[in-house]
Amino acid sequence: MSMRIEKRMGTKYVSVKLGRNDKCWCGSGRKYKQCHAAFDEKIARVADTGRPVPTHDMIKNADQIAGIRQSAKINIAVLDYIGEHIREGISTAEIDRWAYDITTKMGGKPAPLNYQGFPKSVCTSVNEVVCHGIPSEDVVLKEGDIINVDASTVLNGYFSDSSRMYCIGEVSAEKKKLVEVTKECVELGLKEVKPWHFMGDMGQAVHDHAFDNGYTVVQEIGGHGVGLQFHEDPWVSYNSRRGEEMLMVPGMIFTIEPMVNMGGVAIYVDEENDWTVYTEDGMPSAQWEIMTLVTEDGAEVLSY
């Protein structure tokens, strides 16, 4: 028996027939029948029902996962340091310098720096900024602010990505609840990441918890695959339904990063820098991001 698979040839994918005694596409060196043949057959049965399924380029092998884990260690260290030192009176430009210095000293590079023209090493999104806030000497944190710092690292060609919320001094009860509920959304979504289930299971868990608390979830911006590139397929929605969206299989890595608005769902992009996203009604927004590996029996958080 043979299986027709999609194989990368340069920048394109072509359909090739892989015999059961051929070497597996994953790079393990094992025969296909002993490695991923049954795996591919299981995916094919789901594809036959018309459901979206991952291509092989979305599935990481053991060596790649090991490299991504090393990248994630730097990303976690950056956010840990920021959590220990962030305070009232610090500019977002200073946060950016911390991230650059820690990342480079540990041997990595900040993935956002010069990515599609983004000028800084991290994104710093304060209060009504939904995402992609650009660090600036002019933005100085003050008592009562909430800020999302989104860090991403590339190490030896492997990418990691995660973000955290930080509360500056005493924040209002309303902002504190928004931050806490958004984190709960991520945690509930993570519980739904299981092999051979669907991404909509996770998306609905996130969506329902946010809406049950009176919030909305940004629709236009979602999560993404990550690991070999900064942003990969699949795109990840948090306004989805159980049993829908892409099939999750072992080896997939993607982010869970809902952007939860205290007010309405509408957003807009800064016309001057073409990066920074704001809530249209000026109400606060919060986001936590984790990078998740689908395993044989559940999920593993690689970066947080």
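Residues numbered from 1 in each chain as written. Predicted model: local features only at pLDDT ≥ 70, side-chain atom pairs only at ≥ 80, totals over all residues. Heavy atoms only, no water.

**Some thoughts on the confidence of the model for the chain**
Residues with a pLDDT of 70 or more make up 95% of the chain, whose mean pLDDT is 94. Low pLDDT, under 50, characterises residues 1-15; the predicted model gives this stretch 35 contacts beyond four residues in sequence or across chains. (pLDDT = per-residue confidence, 0-100. Contact = heavy atoms within 4.5 Å.)

**A short note on the environment of proline 250**
Structurally, the position occupied by proline 250 is in the loop between strand S10 (232-236) and strand S11 (253-256). Between the C-alpha atoms of proline 250 and arginine 87, which are 163 residues apart in sequence, the distance is 40 Å. Leave out the neighbours within four places in its chain, and proline 250 touches Phe39, Ile59, Pro195, Trp196, Val294, Thr295 and Glu296. (Helix = DSSP H or I, 4+ residues; strand = E, 2+ residues; numbered from the N terminus.)

**Here we look at the pattern of salt bridges**
This model, assessed by the stated rule, comprises eight salt bridges. For arginine 20, the salt bridge is made with glutamate 41, and the minimal N-O distance between the two is 3.3 Å. Here glutamate 41 lies in helix H1 (residues 37-47) and arginine 20 lies in the loop between strand S2 (12-19) and H1, a separation of 21 residues in the sequence. Residue arginine 20 is classed as partly exposed on the basis of its relative accessible area, which comes to 28%. Across the salt bridge formed by arginine 242 and glutamate 192, the nearest N and O atoms sit 3.1 Å from each other. Separated by 50 residues along the polypeptide, arginine 242 in the loop between S10 and S11 and glutamate 192 in the loop between helix H4 (173-191) and helix H5 (199-212) bring together distant segments of the chain. (Salt bridge = Lys/Arg side-chain N within 4 Å of Asp/Glu carboxyl O. Buried < 20%, exposed > 50% of the residue type's maximum accessible area, 1.4 Å probe, protein only.)

**Some points on the sheet that holds strand S5 (residues 129-131)**
Strand order in the open sheet formed by three strands is S5-S14-S13, with antiparallel pairing between adjacent strands. Taken across any chain shown, the strands that pair with only one partner, and hence form the sheet edges, are S5 and strand S13 (267-269). The sheet shows a mean angle of 40° between the axes of neighbouring strands, taken without regard to direction. Inspection of the sheet shows S5 paired to strand S14 (residues 277-279) by two bridges, in the antiparallel sense. Residue pairing in the sheet places cysteine 131 in a bridge with valine 277 of S14. (Pairing = 2+ DSSP bridges. Axes fitted to C-alpha atoms, helices over the stretch in contact; angles between N-to-C directions.)

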